[in-house]
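If you want the building blocks of each chain, they are given just below.
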Amino acid sequence: MLVFLLLILPVVFVLLTLIFSDKQAKNIALLGSLATLGVGLYAFYQFNLNPTCSCFVYHTDWIKALSADFYIKVDGIDIILVLLTVLLVPFIIQSTAGRDIKNPKAYFSLILAMQSALLGVFLAKDALLFYIFWELALIPIYLISLIWGGEGRQRITFKFFIYTLFGSLFMLLAIIFLWIHNPARNFNIYDFYKVGTLLTAQQQVFVFIAFYLAFAIKIPIFPLHTWQPDTYVNAPTQGTMLLSGIMLKMGAFALIVWLIPIVPLGWQLASKYVIILSVISVVYGSLMALTQHNFKRMLAYSSLGHVGLIAAGIFAFNLQGIQGSLYQMLSHGINVVALFFVCDIILNRMKTDTMQKLGGIRNVSRVFSVLFLIALLGSVAMPLTNGFVGEFLLIHGVFQYNTVMAVFAGLTVILGALYMLRAYQSMMHGETNALTETFGEITTNEKIVLGGLAVLVIFFGLFPNIILHVSEESVKQLIEHVQNAAVLVKH
Amino acid sequence: MKELLLLSGLGILSLIAEILNVRKLIYPLVIIGLFLNIGFCVSDFGHNEVIYGMMVLDKIPLAFTILFSFIAILWFTMAKNYFKDETNLSDHFSLVLFSLVGVFILTSYTHMVMLFLGVEILSIPVYVLAGSDKRNLYSNEAAFKYFLLGAFASGFLLLGITFVYGALGSFNVVQIASSAMSPYGISQQLLIVGFLLILFAMAFKMSAVPFHFWAPDVYTGAPTVITAYMSTIVKIGAIAGFYRLFSVVLSFYTHYNFVLLLIAVLTIAVGNIIAASQSNVKRLLAYSSIGHAGFIILGICVLSASTPYVIWYYLLAYSLASIASFWVLMLVSKQKDDEDISAFNGLVKRSPVLAGTMIIALLSMAGIPPLAGFFAKYFILLNVIEKGYILIAVIAILASLIGVYYYFKLIIAMFSGTAEESAAIEVPQFTKLVLILISVILIVVGVLPDFILGLIFR
């Protein structure tokens, strides 16, 4: 039941947010997200004590005609994504404090609805349910970007929507295909894992491509990324945080759980191509980030590079790669939300995020510059920050797969340090100009949000085992399954 | 039998009401009558009543009757306000009620003559209704076009029925099916031509490509209220009739199946592609309804045990969304006398209820989960892939992606627009309530498809 509570709590608070007045909307939403955080942390704690507790499974009939079940379950892999979601949403909601938001009731209820859908995606163990949540997560973020977005939002969000829907429809096709080839005739993920061994190589490649399209668009991976920079830049800050902090992890998570174990042979045949694409993503994203003048756009491209590395680590599919990707999903979520919040603070005060126009903010606002630096160091994988653990494991994983790939994938760290520090330098250091003189100290609220995120950056940098330890068992099982299944198909 | 008597009786009653000058009573009487009709159907479940060897009321016709009666209730509620100012309310209502008799016959016939009668009883009132906006030139054009082409189609149908009779010597669909199985002493040419003619006539009635050319003009020309009727109940009738014919007779012949599959794929593709380039909302919805008809025909082509449920579910999802969207269109276009997409600008601010209903209806038609339209498409795709037509499934999916494109054009328009355009739209409380009800049904049907199908088909 605990797992069901996790899913339903945000929905309850959506209704509460809608009932109460506009003034109260933010507080109720924050309360809801904190309540969910509490449940999530308790679940995480409980999972450490007793991973097989029955409170982590909720299984009931849903559509009998198709034997689709409402089946949600916490396991060692999705608990990390759940942790990420429940951790970030309170920060995302609190980041609106002191900002003027039109129609706050709708805004916050959409954010909470989004949280529920995201948790559903991570927890679902039934393919049809997974698909429903996957699509459901798209609608709130689409509306958030459409209604509260910036200039030209109609065209940009439209492109985003069509792009992602295009991918998911192919995923639907693959799910139906698997269902038909499933002797048990259900959508249970564990039965899907068995189907993988029954399909021929050609069928596996077909399913692989169909799933890959859906997931690679969401992540996004080169060359399916063209919706991403515009959407990130254009969406309101909280929308961007949801998109980059949590939503793109849906794709990466699905690669680990829904793609490779289901068609192991398809993965074996395709892995070298998809890894190359992921590495191209890394290099392309980092190089594009280097050439940007706007901070927000630079962050969008840097995100592309970071998730490219995550994808490469997943496709290598060894213990270090998967563990690293899980850890990096958590770290990247925290870092990117912190950095987009930094960007929001700057935009809110200076009305511009063109880096050349800014400078010397450090002289005006000491606290801000320190907190910004911590988030930034996390992002460039400085040892003792969370980014280091993830990227180290990821590069280690890719290295085992192929040395050349690892060299190129490692560029993300070097180039990342280059563009991030350069951005910091041009905005925070140097002479304070007429514009940045008015910057002032940041408000208490902003300090709380940014400070909280900075604490998380260091905390997860110092104690990575809290997370790695939880997922290790599940990851090992998954890898073993893939290796066995791939051998089975061959003979 | 009592359903047939009830529907005809209601039609006559509404004519009498005009004579007795009690027009106010028509609407409540009709609604009560239709609810009674649903009650009759529910109580008849499992009886398999045979009516003079001409019609059989088994599970599937009854389910379709429940469906169209329910949609008719919504339609009459929609039409009540439209005809409020006109004196000829009862004429319209009785015409619609008579055409409902035709729909009922189409759902349950077992005799080819009843098929023809059903099609004619359904169509003739609709020819008149299409032209009911007398002073509007386009409405006249619509009626004339629909009548001329429809008459041709009816001719084809009759000719086809005669040819089949000539070849097999029977009008009964079950007998036709069984005697067509034995190839001895039968003129195959006559049979093939006969069936093809019937197929084409039914394709015309379902507005399937390449027999669809009448549909956009007629849908656009006719008053919106009538268009809503044509795109929901008339379509249910045509499809129910076609399903009966196909499931009993045509499915024995694989070569018709190929023709039909081709028609289905063309209908899906052409309907959606042309809809994407429309700027008139009514025309856009007309083309999109062609696309939906294609999906249903595709569902019929890949006949399996679940097909009646699948089609029923699709028709439910589609009709609800369709009636809601035409209703909103009617209210929106009344304000400015403009049916362009720009008429929807800023609708979210002008009337949140209308906008909300429209968004849910469009999302459902676009097939976004968890709304009803998603499972409708899903069930059909499942059957298609099960038969191994993966390429067709891919085409259908790409076409529905195009569908998303034009439905979202409309949704985006509702969120855009400047402040001066935002004159609030007055909507009666009762209308709001019904529209919200439709939205809720669309969500419930989508989230719990099992519940609805279990409720009807038990």
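Residues numbered from 1 in each chain as written. Chains lettered and ligands numbered in written order. Predicted model: local features only at pLDDT ≥ 70, side-chain atom pairs only at ≥ 80, totals over all residues.

Turning next to the overall build of chain A. Scanning chain A from terminus to terminus reveals 20 helices and 2 strands. Taking 23 Å as the expected radius of gyration for a compact globule of 491 residues, we find that chain A reaches 22 Å, a close match to that expectation. By principal-axis analysis of the C-alpha atoms, chain A measures approximately 70 × 55 × 45 Å. By the burial criterion, 60% of the 491 residues in chain A qualify as buried. Of the contacts made within chain A by residues no fewer than 6 positions apart, 82% connect residues no fewer than 24 positions apart. (Helix = DSSP H or I, 4+ residues; strand = E, 2+ residues; numbered from the N terminus. Rg over C-alpha atoms; globule rule 2.2 N^0.38 Å. Buried ≥ 20, exposed ≤ 12 C-beta atoms within 10 Å, placed from the backbone. Contact = placed C-beta atoms within 7 Å.)

Right, let's talk about the overall build of chain B for a bit. Each helix and strand counted, chain B has 19 helices and 2 strands in total. Relative to the globule expectation of 23 Å for 458 residues, the C-alpha radius of gyration of chain B, 21 Å, shows essentially globular dimensions. Overall size of chain B, expressed as C-alpha extent along the three principal axes, is 75 × 55 × 45 Å. Considering chain B as a whole, with its 458 residues, one finds that 57% of them fall into the buried category. Residue pairs in contact within chain B that sit at least 24 positions apart in sequence constitute 78% of those at least 6 positions apart.

On to the domain arrangement of chain B. How large an interface is tends to be reported as the accessible area lost when its parts come together. Residues and elements named next belong to chain B. Here chain B is described as being made up of domain 1 (1-155 + 213-247) and domain 2 (278-458). For domain 1 and domain 2, the distance between their C-alpha centroids amounts to 22 Å. Taken together, the contact pairs 30 residues of domain 1 with 30 residues of domain 2. For the side of domain 1 that touches domain 2, the elements supplying multiple residues, two or more each, are α3 (59-82), α9 (214-221) and α10 (224-248). (Domains from an automatic or database assignment.)

Our focus in this paragraph is the interface of chain B and chain A. Contact with chain B, which involves 20 residues of that partner, is made by 21 residues of chain A. Only α16 (372-386), α17 (390-415) and α19 (449-457) of chain B provide two or more residues apiece to the side of chain B that touches chain A. Looking at side-chain class alone, the side of chain B that touches chain A contains 17 nonpolar, 1 polar and 2 charged residues. (Nonpolar A, V, L, I, M, F, W, Y, C, P; charged D, E, K, R; others polar.)

Turning our eyes to something else, we now look at the pairing of strand β2 (residues 68-73) of chain A. Taken residue by residue, a regular strand's side chains alternate between the two faces of the sheet. All names here are of chain A. Across 6 bridges, the pairing between strand β1 (residues 57-63) and β2 is antiparallel. Bridged to Ile-63 within β2 is Ala-68. Between β1 and the antiparallel strand that follows it, β2, lie 4 residues; Ser-67 among them carries a positive phi value of about 45°. (Pairing = 2+ DSSP bridges.)

A few words now on helix α18 (residues 429-447) of chain B. All names here are of chain B. In this model, α18 (19 residues) spans 27 Å end to end at C-alpha, consistent with the 27 Å of a helix rising 1.5 Å per residue. Among the residues making up α18, those that are buried are Leu-435, Ile-438, Ser-439, Leu-442, Val-445 and Gly-446. Taken down its axis, α18 places every buried residue within 135° of arc, on the same side. For α18, exposure combined with an orientation more than 90 degrees from the buried face picks out Gln-429, Phe-430, Leu-433 and Val-440. On its buried face, α18 is in contact with α3, α13 (307-336), α15 (352-366), α16 and α19. (Expected span 1.5 Å × (residues − 1). Arc of directions from axis to C-beta.)

This brings us to the environment of B:Ser231. All names here are of chain B. Structurally, the position occupied by Ser-231 is in helix α10. Here Ser-231 falls in the buried class, since 27 other C-beta atoms lie within 10 Å of it. Between the C-alpha atom of Ser-231 and that of Ser-289, which follows or precedes it by 58 residues, the distance is 6.8 Å.

Here the focus is the environment of B:Ser139. Residue and element names in this part refer to chain B. Relative to the elements of secondary structure, Ser-139 occurs in helix α6 (residues 137-168). In this structure the C-alpha to C-alpha distance between Ser-139 and Leu-129, which are 10 residues apart in sequence, comes to 9.2 Å. Excluding anything up to four places from it in sequence, Ser-139 contacts Ala-130, Gly-131, Ser-132, Asp-133, Gly-221, Ala-222 and Pro-223.

For any two helices packed against each other, one specifies the crossing angle of their axes together with the interaxial distance. Residues and elements named next belong to chain A. One can describe the packing of helix α3 (residues 78-94) onto helix α11 (residues 237-259) by two numbers: an axis separation of 10 Å at closest approach and a directional angle of 175°. As far as their axial angle goes, α11 and α3 are roughly antiparallel. From α3, Leu-81, Leu-84, Thr-85, Leu-88 and Ile-92 reach across to α11, where they touch Gln-238, Met-241, Leu-242, Gly-245, Ile-246, Lys-249 and Phe-253. Counted by class, the contact of α3 with α11 contains 8 nonpolar, 3 polar and 1 charged residues. (Axes fitted to C-alpha atoms, helices over the stretch in contact; angles between N-to-C directions. Parallel < 35°, antiparallel > 145°, perpendicular 65-115°, else oblique.)

End to end, helix α5 (residues 112-130) of chain B covers 27 Å across 19 residues, agreeing with the expected 27 Å (1.5 Å per residue, within 8%). Taken across its 19 residues, α5(B) has 14 buried, putting it largely inside the fold.

All names here are of chain A. Where helix α1 (residues 2-19) contacts helix α4 (residues 104-123), the axes come no closer than 8 Å and their chain directions differ by 165°. By the angle class used here, α1 and α4 are roughly antiparallel. Seen from above, α1 lies across α4 with left-handed handedness. For the pair α1 and α4, contact is made by Val-3, Leu-6, Leu-7, Pro-10, Val-11, Phe-13, Val-14, Thr-17 and Leu-18 and by Lys-105, Phe-108, Ser-109, Leu-112, Ala-113, Gln-115, Ser-116, Leu-119, Gly-120 and Leu-123, respectively. A class-by-class count of the residues in the contact of α1 with α4 yields 13 nonpolar, 5 polar and 1 charged. (Left-handed = near helix turned anticlockwise from the far one by under 90°.)

A word on unusual backbone geometry. Here A:Ile219 and A:Pro220 are connected by a cis peptide whose omega angle stands at -15°. Relative to the assigned elements, A:Pro220 resides in the loop between α9 (201-218) and α10 (228-234). Each neighbour pair has its own omega, and for B:Pro369 with B:Pro370 the value is 0°, a cis peptide bond. With respect to the element layout, B:Pro370 can be found in the loop between α15 and α16. One non-glycine residue, A:Ser67, lies in positive phi territory at about 45°. By secondary structure assignment, the location of A:Ser67 is in the loop between β1 and β2. On the neighbour-count criterion, A:Ser67 (17 C-beta atoms within 10 Å) is partly exposed. For A:Lys351, which is not glycine, the phi dihedral falls at a positive 60°. In this fold, A:Lys351 is placed in the loop between α14 (319-350) and α15 (361-364). Owing to 8 C-beta atoms within 10 Å, A:Lys351 belongs among the exposed residues under this scheme.

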